[in-house]
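Read off the chains here:
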Amino acid sequence: MPESDPKTLVSTAWLADNLKAPELRLIDASWYMPADKRDCRAEYEREHIPGARFVDIDEVADLRSDLPHMLPPVEKFMSRMRALGIGDGHQVVVYDTSGIFSAPRVWWMFKYFGQDNVAVLDGGLPKWKSEGRPVTDIPPVIRDRHMVVETRPELVRDVTQVAASSKLGDYVIIDARSAGRFKGEEPEPRPGLASGHIPNSRNVPFPEVLNPDGTLKPIEALRRIFENAGVDLSKPAITTCGSGASAAILGLALTRLGVPFSLYDGSWAEWGMYGDLKVATGEA
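Residues numbered from 1 in each chain as written. Predicted model: local features only at pLDDT ≥ 70, side-chain atom pairs only at ≥ 80, totals over all residues. Heavy atoms only, no water.

K.L.:
What is the right way to read the packing of aromatic side chains from this model?
P.N.:
Aromatic rings in a pair are described by how distant their centres are and how their planes are angled relative to each other. Taken as a whole, this structure holds nine aromatic pairs when the rule is applied. Summarising the aromatic geometry, the rings of F77 and F113 are spaced 4.3 Å apart at their centres and angled 15° between planes, so their arrangement reads as stacked. Taken together, the residues span a long stretch of sequence, with F77 in helix α3 (residues 74-83) and F113 in the loop between α4 (103-112) and β5 (118-121) at a distance of 36 residues. Note on accessibility: F77 and F113 belong to one class, buried. Joined through ring pairs, the aromatic side chains of F77, W108, F110, Y112 and F113 make up one cluster. (Phe/Tyr/Trp six-rings, centres within 6.5 Å; stacked < 30°, edge-to-face > 60°. Helix = DSSP H or I, 4+ residues; strand = E, 2+ residues; numbered from the N terminus. Buried < 20%, exposed > 50% of the residue type's maximum accessible area, 1.4 Å probe, protein only.)

Laid out in structure tokens, this is it:
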């Protein structure tokens, strides 16, 4: 797979070359854990890559659910994107202020809603700025654009489906949380959740697939990381994490490897809440 692929991952050089393309739509999808106490929208308003729109994954979500930032209803996704001037025929590039952290979640949402021409910016805003490339505080000019949406239910899994795969082994379940949380040795950041992991899952903490500069590691390095964690790459994968955000980072890495994945949207925020679901501890 080429270094820049407009369906998965593009470099800062690719974006610089295409920044003024009429069909390019940029999204700042920065998000942090609540404990970080950062206002991503305010940071976006202070500086963003020229032309970028802001998407809040806690708002473009199903607010009827008690779980954090679950997939939004189709109508809500369509109306929010239309209001941002994002629609049919656009090439979407999503970035965040961490390097690669929350942007893959929005990339996956676009894929779920049937949009193929969407990529994550490799290294995000930090790499862009480190290369002396432009930022601005000027909001983009928005022009309404219709979007045809067709959901892809195979890209998401619910708790019943994950519980079945945990028993059947038809999918390999990969957890993006830290080793300490996976083993049940560290407390969960959300109160009231059990500690441990889904039985028969494997652990690939999401920082392992990233370089120090926040870019995704090369394809062969990614392959070794998953294989060393006991992941059978001949099987389709289900990715999971704390709340369905960093699971999408593993999903992006797997897609670069040509491995199909679906994301467990409820993730540990859901699984760890139910007393009747089995919880494993220790090594995978």
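There is more to say, and it comes next.
K.L.:
How do you make sense of the sheet that holds strand β1 (residues 9-10) when you look at a structure like this?
P.N.:
Strand order in the open sheet formed by five strands is β1-β5-β4-β2-β3, with parallel pairing between adjacent strands. Pairing within the sheet leaves two strands with one partner each, and these edge strands are β1 and β3 (53-54). Where strand β2 (residues 24-28) meets β3, two bridges bridge the pair, whose relative direction is parallel. Within the sheet, the bridge partner assigned to I27 lies in β3 and is R53. The strands touched by α4 within the sheet are β2, β4 (91-95) and β5, with β5 carrying the most contacts at an inclination of about 175°. (Pairing = 2+ DSSP bridges. Contact = heavy atoms within 4.5 Å. Axes fitted to C-alpha atoms, helices over the stretch in contact; angles between N-to-C directions.)

K.L.:
Help me understand the packing of α4 against helix α9 (residues 247-256) in this model?
P.N.:
For any two helices packed against each other, the geometry is given by the interaxial angle and the distance between the axes. Running from N to C, α4 and α9 point in directions that differ by 65°, and their axes come no closer than 8 Å. In terms of orientation, α4 and α9 fall into the roughly perpendicular class. You can see that α4 and α9 cross each other, and the crossing is left-handed. Between α4, through P104, R105, W107 and W108, and α9, the contact on the second element is made entirely by A248, I249, G251, L252 and T255. Grouping the amino acids of the contact of α4 with α9 by side-chain chemistry returns six nonpolar, two polar and one charged. (Parallel < 35°, antiparallel > 145°, perpendicular 65-115°, else oblique. Left-handed = near helix turned anticlockwise from the far one by under 90°. Nonpolar A, V, L, I, M, F, W, Y, C, P; charged D, E, K, R; others polar.)

K.L.:
Explain the pairing of β4 here, please?
P.N.:
On any regular strand, side chains alternate: one points to one face of the sheet, the next to the other face. With five of its five residues buried, β4 lies for the most part within the structure. Bridge count for β2 against β4 is five bridges, and the pairing is parallel. Bridge assignment links D28 to a residue of β4, and that residue is Y95. Looking at chain direction, β4 and β5 are connected through three bridges and run parallel. By the bridge assignment, V92 is partnered in β5 with V118. Handedness of the crossover is the feature at issue here: the chain leaves β4, passes through α4, returns alongside β5, and the resulting connection is right-handed. (Right-handed = clockwise from strand over helix to strand, strands pointing away.)

K.L.:
Looking at this model, I keep getting lost on the sheet that holds strand β6 (residues 156-157). Mind explaining?
P.N.:
The strands that make up a sheet pair up through hydrogen bonds in the backbone, lying either parallel or antiparallel. The strand order across the open sheet built from five strands is β6-β10-β9-β7-β8, with neighbouring strands paired in parallel fashion. With partners counted over all chains shown, the strands left at the sheet margins are β6 and β8 (202-203), one partner each. Pairing between strand β9 (residues 237-240) and strand β10 (residues 261-264): three bridges, direction parallel. Counted as the bridge partner of I238 is S262 from β10. Here α9 sits on the sheet in contact with β7 (172-175), β9 and β10, set at roughly 150° to β9.

K.L.:
What should I look at first to understand the environment of M81 in this one?
P.N.:
Along the chain, M81 turns up in helix α3. Judged by its relative accessible area of 1%, M81 is buried. Dropping the residues within four chain positions of it, M81 is found in contact with V55, V60, I86, F110 and M147.

K.L.:
Where do I start with the packing of helix α8 (residues 219-228) against α9 in this structure?
P.N.:
Viewed as axis vectors pointing N to C, α8 and α9 meet at an angle of 115°, and their least axial separation amounts to 9 Å. At the point where α8 passes α9, the crossing takes the left-handed sense. Counting all contacts with α8, which are made through I219, L222 and F226, the residues of α9 involved are L250, A253, L254 and R256. Each residue belonging to the contact of α8 with α9 can be placed in one class, and the counts come to six nonpolar, no polar and one charged.

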